[in-house]
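Observations on chain architecture
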Amino acid sequence: AVERATALGASVLHVQVSADSPAGRHLLESAGFRVVRTYYGMRWEGEEVPDAEPPTGFGVRSFVVGQDEEALTNLQNAVFGDSWGFCPNTVEEIEARLNFKTCDPEGMILVTDGERPAGYNWTFRAEGPSGSTGWIAMTGVHPDYRRQGIGRTALMAGMRYLRKVGVRTIDLEVDSQNSAAMELYSLTGFRRVRQTVWYERALGS
């Protein structure tokens, strides 16, 4: 992996490992990686999702295939542009992810200001031996619209979609340094169930 990343011209390589994996952590540290971030895995289990009406003047709708790809790409890049480890997405990358079998465009929720997307919640779902499990892959609010309750509106709408399709367990990951997201998820009823560690190694000269 180090050789391949170097050949591709990457400047750094990131690897995620469970905080409870001493063998994995020892392997990475012995290969010159250092800890740069801690993420928490959080879980919600329940029957009822609290209502969260959008702020006055905003609407809530699902993603429209063939219409919203560029807008979603621009929104995601604006939301996470300053976040650790994020690389700007292309429209083609967004289209590919929307085609995952675990992704339903109806479960990609947009909170809009007129025609402009202001925030979103991207859900995934998979069937397993014990039933359906849902994931909140992304929750984000455009910098122009933060601190207006849009994040909570988007999150609740995504959770309501997952409950509608039979999901009773919803998982997500959050950067431990993202205090605003941690507070939102905790207040919504998510609890910490695991912890992972991100390692980084500089590549090249």
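The paragraphs below set out a description of the structure included in this document.

In this structure, Met-42, Met-159, Ile-170, Val-174, Tyr-185 and Phe-190 are the most contacted members of the largest nonpolar core, which totals 20 residues. For this core, the secondary-structure elements that each account for two or more residues are strand 2 (34–45), helix 5 (150–164), strand 7 (169–175) and helix 6 (179–188). With five residues, helix 5 is the largest single contributor of residues to this core. Ranked by size, the runner-up nonpolar core spans 14 residues in total, among them Leu-75, Val-79, Phe-80 and Cys-103.

The next subject is the pairing of strand 5 (residues 116–128). For strand 4 (residues 108–113) and strand 5, the ladder comprises six bridges, and the chain directions are antiparallel. Across the sheet, residue Leu-110 finds its bridge partner in strand 5, namely Tyr-120. Joining the antiparallel neighbours strand 4 and strand 5 is a turn of two residues, in which Gly-114 adopts a positive phi near 65°.

With that settled, consider the pattern of salt bridges. Here the structure, examined in full by the defined rule, presents nine salt bridges. Arg-34 is the salt-bridge partner of Glu-200, the closest N and O atoms lying 3.2 Å from each other. A residue pair is termed long-range when its members are at least 10 positions apart, and Glu-200 in strand 8 (residues 191–202) and Arg-34 in strand 2 qualify at 166 residues. The buried category is assigned to Glu-200, whose relative accessible area is 15%. Residue Asp-68 pairs with Arg-61 through a salt bridge whose shortest N-O separation is 2.8 Å. Among the residues examined, Asp-68 registers a relative accessible area of 4% and is labelled buried. Residue Arg-61 is classed as partly exposed on the basis of its relative accessible area of 26%.

Here is what the cut-offs are and how they apply
The residue numbering used here restarts from 1 in each chain and proceeds along that chain's sequence as written. Thresholds applied to this predicted model are a pLDDT of at least 70 for local features of residues and 80 or more for the giving and counting of side-chain atom pairs; totals over whole chains, interfaces and linings are not thresholded and use all residues. Neither water nor hydrogens contribute to the side-chain values; these are computed over all heavy atoms in the structure. Take the buried residues of types Ala, Val, Leu, Ile, Met, Phe, Trp, Tyr and Cys, join any two whose side-chain atoms come within 4.5 Å, and each joined set is a nonpolar core. The rule is simple: take the accessible area with a 1.4 Å probe, protein chains only, and divide by the maximum for that residue type; under 20% is buried, over 50% is exposed, in between is partly exposed. Here a strand is any run of E in DSSP of at least two residues, a helix any run of H or I of at least four, and the numbering for each starts at the N terminus. Paired strands are those between which DSSP finds at least two bridges. Put simply, a salt bridge is a Lys or Arg side-chain nitrogen that is within 4 Å of an Asp or Glu carboxyl oxygen.

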